[in-house]
Amino acid sequence: MNNSEIAKIFREIADILEVREIPHKPQAYRRAALALEGLEEDVADIYAKGGKRALEEIPGIGKSLAEKIEEFLLSGKIKKYEELKKELPVNLEELTQVEGLGPKRVYVLYKKLGIKNLEDLEKAAKEHKIAKLEGFGPKSEENILQGIEFLKKSKGRIPLGVVYPIVQKVKKVLSNLKEVKKIEVVGSFRRRKETVGDIDILVVTSNPEKVMDVFCSLEGVVKVWGRGPKKASVHMKEGFDMDLRVTDKESFGASLQYFTGSKAHNIAVRKIAISKGLKLNEYGLFKGEKKIAGATEEEIYQKLGMQVPPPEIREDQGEVELALKHQLPKLVELKDIKGDLHVHSNFDGGVDSIETLALKAQELGYQYLGISDHTKFLRIERGLDEKQLEEERKEIDKLNLKFKKIGFKIFQGAEVNILRDGTLDISDKALAKLDYVIAGVHSNFNMSEKEMTARIKRAMKNPYVTIIAHPTGRLIQKRESYNFDFEEILKTAKATNTILEINSSPERLDLPDKYIRFCVEQGVKLVINTDTHHWQHLRYMELGVGQARRGWAKKEDIINTYSTSEIEKVFKLKRKNAN
DNA sequence: GCCGTTTTCGGCCCGACTGTTTTCAGTCG
């Protein structure tokens, strides 16, 4: 993707300009980098369609940066960057990742010691060359070494699903302290971003010292690396940082707003404050010296004439404008979910019996559950053949008889495989006996975009295929999405009444948020499923709902918010063209 | 270098913390 490549170059230009003490331009380059990364379309496509003028339409990109993007697209280079880079020919991205190192200190390290990369840096620090530099000292040297250690161990951003249970536990421990009056986990965690950099926790407390002591000695803390009166920072053994910030009751809402971000959202909101002659910071909303809001997020947004945007959409992707017009959509909520349609039982080698899963689903307040065991292609998962599906049907019928009086229903589905040519691994005749069918790509990921698109489209055209599972196939930070034309898939989904899945499994969260938003805009229906292989996975629904909200999905966009009879209609609608 | 309900010039988010200083620069979020 050109966008991320150019964004990286713009960031480096920003860093070098900052070293030169050039004001404001660095921000412009960084804003542009952020804008490029937020784009859904490759700049090459935008340029192909509308030329330089179209590039200038991108917020944050003006005449000069549009020219630089054009230059990159035509020649693969940006001359200005090549020139600037001569002043600081080092691996900036790598070096500035070390905690406490920014462009200016990296420049000093390069000028004085010739440090170009992490390896040079570690060597110089171990030889105690850094402590002798002006502006550095023994403490900086020590921190650099620890920063390198941490960097080696940490994987950068961590999947939300990995930190989720840890953070829930930490929150619980802290909220149980009687000194803690209010607590909220903020930052990208609160926005339910699919990966998080670090965890920020906000507390109101009568005893900051006590709470910080508990925080710094939590299970999993390997090092306390910063502690002031208002903030404590720790490294966790899983390779991420946690910050605890203390605020007071009157500022809690302002801090919540401020630390939830995103940065882009906050900048946009602060501009609105400025336009009204007000000032917004983490302590409150101020008119001159007078604080006019701060205790809750609601009063802050209200005083700005805005609705409160749900945290999941605070990315400056249109929510600020709609909040001003009081036209924000009402997003789907966990309590709207009436069932889960992607659940594996012990029939295909999973852990739990269908009955156990049904009972657990009832505990969650669901009205229905869809059992979707693998079919025969995936031998590794003990996929079911036609005969085994019939046995499973008998079991489900039996349970349904039992659950009828409490108004709970089990649907029989299956997770079938979309083969290389777009056909399925089990006959239509067998599929016709099921209530619904989930189809997914589980093999031959490395096909051309054209082939993969055709493959999935053919599967969607099968009247028995109700849902496409984990549509992009990506595994967060492990495997890229396969190549396919999502626009084509959207069109076919719409034309064939095929549902696209939001798979809540922590390693997938597939569809990604931006694709969900496309579906919502195009009126393609979605389903939030957990892909449960153990009853405890049913809880992943929360992650999927967060993901759906990040994609601006409303209740009506998500079919498993429908009642039992409504969802049966959805199943039937897809099959209307079957023989 | 971008942008516009202070609109083609003159603004640009801002406070905490750290480690170095001896009043502050750099970094972070």
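Residues numbered from 1 in each chain as written. Chains lettered and ligands numbered in written order. Predicted model: local features only at pLDDT ≥ 70, side-chain atom pairs only at ≥ 80, totals over all residues. Heavy atoms only, no water.

**Some points on the overall build of chain A**
Of regular secondary structure, chain A possesses 24 helices and 17 strands. The C-alpha extent of chain A, read off along each of the three principal axes, is 80 × 60 × 55 Å. Each of the 579 residues in chain A was classed as buried or not, and the buried ones make up 53%. By sequence separation, contacts in chain A at least 24 residues apart represent 66% of the contacts at least 6 residues apart. Working note: accessible area of chain A is about 27000 Å², and carbon and sulfur atoms make up 50% of it. A distance of 3 Å separates the average location of the 101 positive side-chain charges in chain A from that of its 90 negative side-chain charges. (Helix = DSSP H or I, 4+ residues; strand = E, 2+ residues; numbered from the N terminus. Buried < 20%, exposed > 50% of the residue type's maximum accessible area, 1.4 Å probe, protein only. Contact = heavy atoms within 4.5 Å. Areas by Shrake-Rupley, 256 points an atom, 1.4 Å probe, with all protein chains shown as cover. Lys, Arg positive; Asp, Glu negative; His and termini not counted. Charge placed at Lys NZ, Arg CZ, Asp CG, Glu CD.)

**Considerations on the pairing of strand β6 (residues 231–236)**
Among the six residues that make up β6, five are buried, leaving the element largely enclosed by the rest of the structure. Bridging between strand β5 (residues 221–227) and β6 involves five bridges; their strand directions are antiparallel. Its bridge partner being in β6, Gly-226 is matched across the sheet by Ser-233. Remark: three residues form the turn of the hairpin made by β5 and β6, two consecutive strands paired antiparallel. Relative to strand β7 (residues 241–247), β6 runs antiparallel, the two being bridged by five bridges. What sits directly across from Lys-231, in β7, is Arg-245. Linking β6 to β7, which pair antiparallel, is a turn of four residues; within it Gly-239 sits at a positive phi near 95 degrees. (Pairing = 2+ DSSP bridges.)

**A few points about the environment of Glu-219**
Note on placement: Glu-219 falls in the loop between α12 (208–216) and β5. For the pair Glu-219 and Ile-166, spaced 53 residues apart in sequence, the C-alpha separation works out to 9.7 Å.

**What about the domain arrangement of chain A?**
Along its sequence, chain A is carved into domain 1 (2–154), domain 2 (158–246), domain 3 (252–324) and domain 4 (334–575). On a C-alpha basis, the centres of domain 2 and domain 3 stand 23 Å from each other. Overall, the association of domain 2 and domain 3 removes approximately 1100 Å² of surface from exposure, summing both partners, and the carbon and sulfur fraction of that is 63%. Considering only the surface of domain 2 that becomes buried against domain 3, Arg-190, Arg-191 and Leu-202 emerge as the three largest contributors, covering 55% of it. Here Arg-191 ties to Glu-315 by a salt bridge, and the two come within 2.9 Å at their closest N and O atoms. Looking at the side of domain 2 that touches domain 3 element by element, the count peaks at three residues for strand β2 (residues 180–185). Classifying every residue of the side of domain 2 that touches domain 3 by side-chain character gives four nonpolar, one polar and seven charged. (Domains from an automatic or database assignment. Buried area = accessible area lost by both parts, 1.4 Å probe. Salt bridge = Lys/Arg side-chain N within 4 Å of Asp/Glu carboxyl O. Nonpolar A, V, L, I, M, F, W, Y, C, P; charged D, E, K, R; others polar.)

**Side note on unusual backbone geometry**
Residue Ser-262 is bonded to the preceding Gly-261 through a cis peptide linkage, with omega at -5 degrees. Mapped onto the fold, Ser-262 is located in the loop between α13 (252–260) and α14 (263–275). Cis rather than trans, the peptide bond between Asp-510 and Leu-511 has omega equal to 20 degrees. Along the chain, Leu-511 turns up in the loop between β16 (499–503) and α22 (513–522). Phi at His-326 is positive, roughly 55 degrees, even though this residue is not glycine. Summarising the element assignment, His-326 is placed in the loop between α16 (319–324) and β11 (339–343). The backbone of Leu-509 sits at a positive phi, close to 40 degrees, despite the residue not being glycine. With respect to the helices and strands, the residue Leu-509 is situated in the loop between β16 and α22.

**Some details on the confidence of the model for chain A**
Per-residue confidence for chain A averages 90 on the pLDDT scale, and 97% of its residues sit at or above 70. β5 is the least confidently modelled element of chain A, averaging 80 in pLDDT, while strand β17 (residues 526–529) averages 98, the highest of any element. (pLDDT = per-residue confidence, 0-100.)

**Details of the pairing of strand β4 (residues 198–205)**
Among the eight residues in β4, seven count as buried, and that is most of the element. The sheet contact formed by β2 and β4 spans five bridges and is antiparallel. When the bridges of β4 are listed, Val-180 appears paired with Thr-205. As judged from the seven bridges shared by β4 and β7, these two strands associate in the parallel manner. Bridged to Asp-200 within β7 is Asp-243.

**Considerations on the nonpolar core**
Core analysis: the largest hydrophobic core is formed by 58 residues, its most contacted members being Ile-410, Ile-456, Leu-500, Leu-526 and Ile-558. Among the nonpolar cores identified, the runner-up in size contains 49 residues, and Ile-16, Tyr-47, Val-106 and Ile-130 belong to it. (Core = buried A, V, L, I, M, F, W, Y, C linked by side-chain atoms within 4.5 Å.)

**Examining the side chain of Arg-508**
Inspection of the secondary structure puts Arg-508 in the loop between β16 and α22. Despite its burial, Arg-508 pairs with no opposite charge; the closest candidate is Asp-531, at 4.1 Å N-O. Setting aside anything within four residues of it in sequence, one finds Arg-508 in contact with His-470, Gly-473, Arg-474, Leu-475, Ile-476, Arg-479, Asn-503 and Asp-531.

**Brief notes about the sheet that holds strand β9 (residues 284–287)**
Overall, antiparallel pairing links the three strands, which are arranged β8-β9-β10 in an open sheet. Because the sheet does not close on itself, it has two edges, and the strands there are β8 (279–281) and β10 (290–293). Ignoring which end each strand starts from, the neighbouring axes of this sheet average 35 degrees apart. Where β8 meets β9, three bridges bridge the pair, whose relative direction is antiparallel. In the sheet register, Asn-281 faces β9, and the bridge partner there is Gly-284. (Axes fitted to C-alpha atoms, helices over the stretch in contact; angles between N-to-C directions.)

**Let's talk about the packing of aromatic side chains**
For any two aromatic rings, the description comes down to two numbers: the centre-to-centre distance and the angle of the planes. Going through the model one piece at a time under the given rule, you end up with 13 aromatic pairs. Their ring planes at 85 degrees and their centres at 6.0 Å tell us that Phe-484 and Phe-486 sit as a pair that is edge-to-face. Cluster of aromatic residues (ring-pair linked, three or more members): Phe-445, Tyr-482, Phe-484, Phe-486, Tyr-515 and Phe-518. The ring of Trp-552 has Arg-517 lying over it, and the distance from NZ or CZ to the ring centre is 3.9 Å. (Phe/Tyr/Trp six-rings, centres within 6.5 Å; stacked < 30°, edge-to-face > 60°. Lys NZ or Arg CZ within 6 Å of the ring centre and 35° of its normal.)

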